[in-house]
Amino acid sequence: MLILKPSCECCDADLPPESAEARICSFECTFCADCTRSRLNGICPNCGGNLVPRPIRPADKLAKFPASTERVFKPEGCAA
């Protein structure tokens, strides 16, 4: 099951489960749309994979399958 991380790894912006601004790679590294465009050029700084819109989990499924609360913040890997 996809891990829905709560924040951008570059700028620490909140990315709630319903956010259309979340971007992920195949390893589920998570970034906001702004950092993906302006700092990362669509490429994950951790694995080199492409960043795509994160699927939105239906609200009725979040109760049984909640989003993660673990924030990952690694701005040193996100230099412009």
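Anything mentioned here points back to the structure above.
Residues numbered from 1 in each chain as written. Predicted model: local features only at pLDDT ≥ 70, side-chain atom pairs only at ≥ 80, totals over all residues. Heavy atoms only, no water.

K.L.:
Honestly, empty space enclosed by the protein in this entry has me stumped. Any pointers?
P.N.:
Empty space among the atoms becomes visible once a probe the size of a water molecule is rolled across them. Under the defined criterion, the tally for this structure stands at 1 cavity of 30 Å³ or more. In this structure, the largest cavity occupies an estimated 30 Å³ of space. Lining the largest cavity are Glu9, Phe31, Pro45, Asn46, Lys74, Gly77 and Cys78. When grouped by side-chain class, the residues that make up the lining of the largest cavity number 3 nonpolar, 2 polar and 2 charged. (1 Å grid on protein atoms, 1.4 Å probe; cavity = no way out; pocket = protein on both sides within 12 Å on 5 of 7 lines; lining within 4 Å. Points joined across faces, edges and corners; volume = space filled by probe spheres on them. Nonpolar A, V, L, I, M, F, W, Y, C, P; charged D, E, K, R; others polar.)

K.L.:
So what exactly am I meant to see when it comes to unusual backbone geometry here?
P.N.:
Among all residues save glycine, negative phi is the norm, and among peptide bonds the norm is trans. A positive phi angle, close to 70°, is found at Glu28, a residue other than glycine. Mapping Glu28 onto the fold places it in the loop between strand S1 (22–24) and strand S2 (30–32). Although it is not a glycine, Asn41 adopts a positive phi angle of roughly 50°. (Helix = DSSP H or I, 4+ residues; strand = E, 2+ residues; numbered from the N terminus.)

K.L.:
Whenever I open this one, the sheet that holds S2 confuses me. Can you help?
P.N.:
Within a beta sheet, neighbouring strands are joined by backbone hydrogen bonds and run either parallel or antiparallel to one another. An order of S2-S1-S3 is seen for the 3 strands of this open sheet, with the pairing classed as antiparallel. Lying at the two open borders of the sheet, with one neighbouring strand each, are S2 and strand S3 (52–53). Bridge count between S1 and S3: 2 bridges; the pairing is antiparallel. Considered in S3, the bridge of Ile24 is made with Val52. (Pairing = 2+ DSSP bridges.)

K.L.:
In this structure, what is going on with the side chain of Glu9? I would like to understand it.
P.N.:
Of note, Glu9 is situated in the segment before S1. When residues no more than four places from it in sequence are discounted, the contact partners of Glu9 are Cys29, Thr30, Phe31, Asn46, Val72, Phe73, Lys74, Pro75 and Cys78. (Contact = heavy atoms within 4.5 Å.)

K.L.:
Explanation requested: the pattern of salt bridges in the structure shown.
P.N.:
Where charged atoms of side chains with opposite charge meet at close range, the side chains can pair. Under the counting rule described, the total for this entry stands at 5 salt bridges. A salt bridge links Glu9 to Lys5; its shortest N-O distance comes to 3.8 Å. A residue is classified by how much of its surface remains accessible, and Glu9, at 2% relative accessible area, is buried. (Salt bridge = Lys/Arg side-chain N within 4 Å of Asp/Glu carboxyl O. Buried < 20%, exposed > 50% of the residue type's maximum accessible area, 1.4 Å probe, protein only.)

K.L.:
What am I meant to see in the state of the cysteines here?
P.N.:
Here a disulfide denotes a covalent bond joining the sulfur atom of one cysteine to the sulfur atom of another. Using the criterion set out here, one finds 1 disulfide in the structure. Disulfide partner of Cys10: Cys78, at an S-S distance of 2.0 Å. Residues Cys10 and Cys78 share a disulfide whose torsion about the S-S bond is about -85°; that sign makes it left-handed. Residue Cys10 is found in the segment before S1, and its partner Cys78 is found in the segment after helix H2 (59–62); the two are separated by 68 residues along the sequence. Free cysteine Cys25: the closest other cysteine sulfur is in Cys29, separated by 3.6 Å. Taking relative accessible area as the criterion, Cys25 reaches 5% and is therefore assigned buried. No disulfide involves Cys44; its nearest neighbouring cysteine sulfur is the one of Cys29, lying 3.8 Å away. Judged by its relative accessible area of 3%, Cys44 falls in the buried class. (Disulfide = S-S within 2.5 Å.)

All quantities given are derived from atomic positions and should not be read as evidence of function.
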